[in-house]
Amino acid sequence: MTKSDPQVKALHINEISAAAIAGVEGGMFYHDPVMLEGCLDGLNIKPNGTYCDCTLGGAGHSYAIANKLDSTGTLHAFDRDEDAVAFATKRMANVAPDFVVHPVRFGGLKNEIAANTLDGILYDLGISSHQVDDSSRGFTFVGNNPLDLRMDRREDVSAQEWLRSVSADDLADALRKNADMDRAFKLSSRIVELAASTAAAGRDILPDDLKSIVESVFPDKKREANGLLARVFQAIRMEVNGELKEIEDSLRAAVDCLKVGGRLVVMSYHSVEDRCVKDTCAEFEKACICPENLPVCMCGGDHQRLKKVNRKPILPTAAEIAKNSRARSAKLRVYERV
């Protein structure tokens, strides 16, 4: 697992613009924000409100939120990726509301934002298109750059190092938990052997190495090889970055940070993330928190802190998928603080 980021002071846009713009070329967006209208509708934005984008990325969602706020509003944003912070700072340089960047994990939300102060919080989970498209970041198996998979390259433990230290049992657990992988132990055993052999040879683990292992473990699923490989990358990435625990920690903190009536809007892209969101939020939808075996409620039955705004997750339209293929697996859940 990676070590936690050191606490970094939140920065206002006018404090970091000049430095952060350096190295950002052409003003190109990282990606088109997925389900933008659904996210904005879910947040139910008030012009003078205080909002938080916990997954800043290229600022697509943040820019749209900011343009619904006036100069009395405030938008906080979290991202631990230095590239994302640099790009987004340039993108947001002239917005009307106070824009505050927190260059730390969103799992640190409770350390950065006071309780009962936010009118809405947005999460766009997973990795950004920019991280995938930039092969030098080691998030993709297109090309053959060494595996890295760190969202924050200041973190100590890369995928290379993690794979060389993890046991076959622990890796198999990660493959099941983070990607619902079949044949997990067989796959993990071969990956651990690969990690040891490449270390002995003094070379990095490359995407083609993992592709060969996936093809050898799933010889009957050649047509699905790329999808299976993507799930292996996902499982390793989520473990290297501690993603599921961070989602759980941040969502719990988000409930405290929201005002009554504030909105929690969460977009996920695969079943593991979505299940984590649904199960974590379900804890706060219960009025009674007594053990199930108690015949009579003893807790008072007034513990509900979230309610669903939409009974089922909102899915992208066919038109949105046609416009942006990365929207095809998105699920949007909207809750309100009670």
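All values reported here derive from a predicted model rather than from experimental measurement. (Residues numbered from 1 in each chain as written. Predicted model: local features only at pLDDT ≥ 70, side-chain atom pairs only at ≥ 80, totals over all residues. Heavy atoms only, no water.)

Draft legend 1. Up close: the state of the cysteines. Inspection of the entire model under this criterion finds zero disulfides. Just so you know, Cys-257 is unpaired, no disulfide at all, and the nearest cysteine sulfur is the one on Cys-52, 7.8 Å from it. (Disulfide = S-S within 2.5 Å.)

Draft legend 2. Quick look at the pairing of strand S2 (residues 50-53). Of the two faces of S2, the one carrying Thr-50 and Cys-52 and the one carrying Tyr-51 and Asp-53 are both buried. Judged from the four bridges that link them, S2 and strand S3 (residues 74-78) form a sheet pairing that is parallel. Pairing of Tyr-51 across the sheet is with Leu-75, part of S3. Since S2 and S3 lie parallel, the crossover through helix H3 (residues 60-66) that links them has a hand, and here it is right-handed. The sheet contact formed by S2 and strand S5 (residues 118-124) spans three bridges and is parallel. By the bridge assignment, Tyr-51 is partnered in S5 with Gly-120. (Buried < 20%, exposed > 50% of the residue type's maximum accessible area, 1.4 Å probe, protein only. Helix = DSSP H or I, 4+ residues; strand = E, 2+ residues; numbered from the N terminus. Pairing = 2+ DSSP bridges. Right-handed = clockwise from strand over helix to strand, strands pointing away.)

Draft legend 3. Summary view of the pairing of S5. The buried fraction of S5 is high, at seven of seven residues. Alignment of S5 against strand S6 (residues 258-268), held across six bridges, turns out to be parallel. What sits directly across from Asp-124, in S6, is Met-267.

Draft legend 4. Broad picture of the packing of helix H8 (residues 168-179) against helix H9 (residues 184-201). At a minimum axis separation of 8 Å, H8 and H9 run at an interaxial angle of 130°. Between H8 and H9, the angle falls in the class oblique. Crossing geometry of H8 relative to H9 is assigned as right-handed. On H9, the residues that touch Ala-168, Asp-169, Leu-171, Ala-172, Leu-175 and Arg-176 of H8 are Ala-184, Phe-185, Leu-187, Ser-188, Ser-189, Ile-191 and Val-192. Residues belonging to the contact of H8 with H9 are distributed by class as follows: nine nonpolar, two polar and two charged. (Axes fitted to C-alpha atoms, helices over the stretch in contact; angles between N-to-C directions. Parallel < 35°, antiparallel > 145°, perpendicular 65-115°, else oblique. Left-handed = near helix turned anticlockwise from the far one by under 90°. Contact = heavy atoms within 4.5 Å. Nonpolar A, V, L, I, M, F, W, Y, C, P; charged D, E, K, R; others polar.)

Draft legend 5. Molecular detail of the side chain of Ser-62. Relative to the helices and strands, Ser-62 resides in helix H3. Apart from residues lying up to four places away in sequence, Ser-62 is in contact with Asp-53, Leu-56, Leu-75, Ala-77, Met-92 and Phe-99.

Draft legend 6. Expanded view of the side chain of Asp-79. Within the secondary structure, Asp-79 sits in the loop between S3 and helix H4 (82-91). The side chain of Asp-79 is buried and forms no salt bridge, while Arg-80, the nearest opposite charge, is found at 6.5 Å. Within the structure, the side chain of Asp-79 is placed 2.8 Å from the backbone nitrogen of Gly-57, a separation counted as a polar contact. Apart from the residues within four sequence positions on either side, Asp-79 is in contact with Thr-55, Leu-56, Gly-57, Ala-84, Val-85, His-102, Pro-103 and Val-104. (Lys, Arg positive; Asp, Glu negative; His and termini not counted. Salt bridge = Lys/Arg side-chain N within 4 Å of Asp/Glu carboxyl O. Polar contact = N/O pair within 3.5 Å; in protein donor to acceptor, adjacent residues only side chain to side chain.)

Draft legend 7. Representation of helix H11 (residues 225-240). Counted at 1.5 Å a residue, the expected span for H11 with its 16 residues is 22 Å, and the 23 Å between its end C-alpha atoms agrees. For H11, a buried count of 12 out of 16 residues is recorded, marking the element as mostly surrounded by other parts of the structure. Buried within H11 are the following residues: Ala-225, Leu-228, Leu-229, Val-232, Phe-233, Gln-234, Ala-235, Ile-236, Arg-237, Met-238, Glu-239 and Val-240. Contact partners of the buried residues in H11: helix H7 (159-163), H8, H9, helix H10 (207-217), helix H12 (243-257) and helix H13 (271-282). After H11 finishes, the residue Gly-242 shows a positive phi value of roughly 60°. (Expected span 1.5 Å × (residues − 1).)

Draft legend 8. Main features of the packing of aromatic side chains. Taken as a whole and judged by the stated rule, the model has one aromatic pair. Taken together, a centroid distance of 5.4 Å and an interplanar angle of 85° make the contact between Phe-106 and Tyr-123 edge-to-face. Taken as a pair, Phe-106 in the loop between strand S4 (98-102) and helix H5 (109-112) and Tyr-123 in strand S5 lie far apart in primary sequence, 17 residues in all. A relative accessible area of 13% places Phe-106 in the buried class. On the accessibility criterion, Tyr-123 (1% relative accessible area) is buried. Above the ring of Tyr-63, the side-chain terminus of Arg-91 is found at 3.3 Å from the ring centroid. (Phe/Tyr/Trp six-rings, centres within 6.5 Å; stacked < 30°, edge-to-face > 60°. Lys NZ or Arg CZ within 6 Å of the ring centre and 35° of its normal.)

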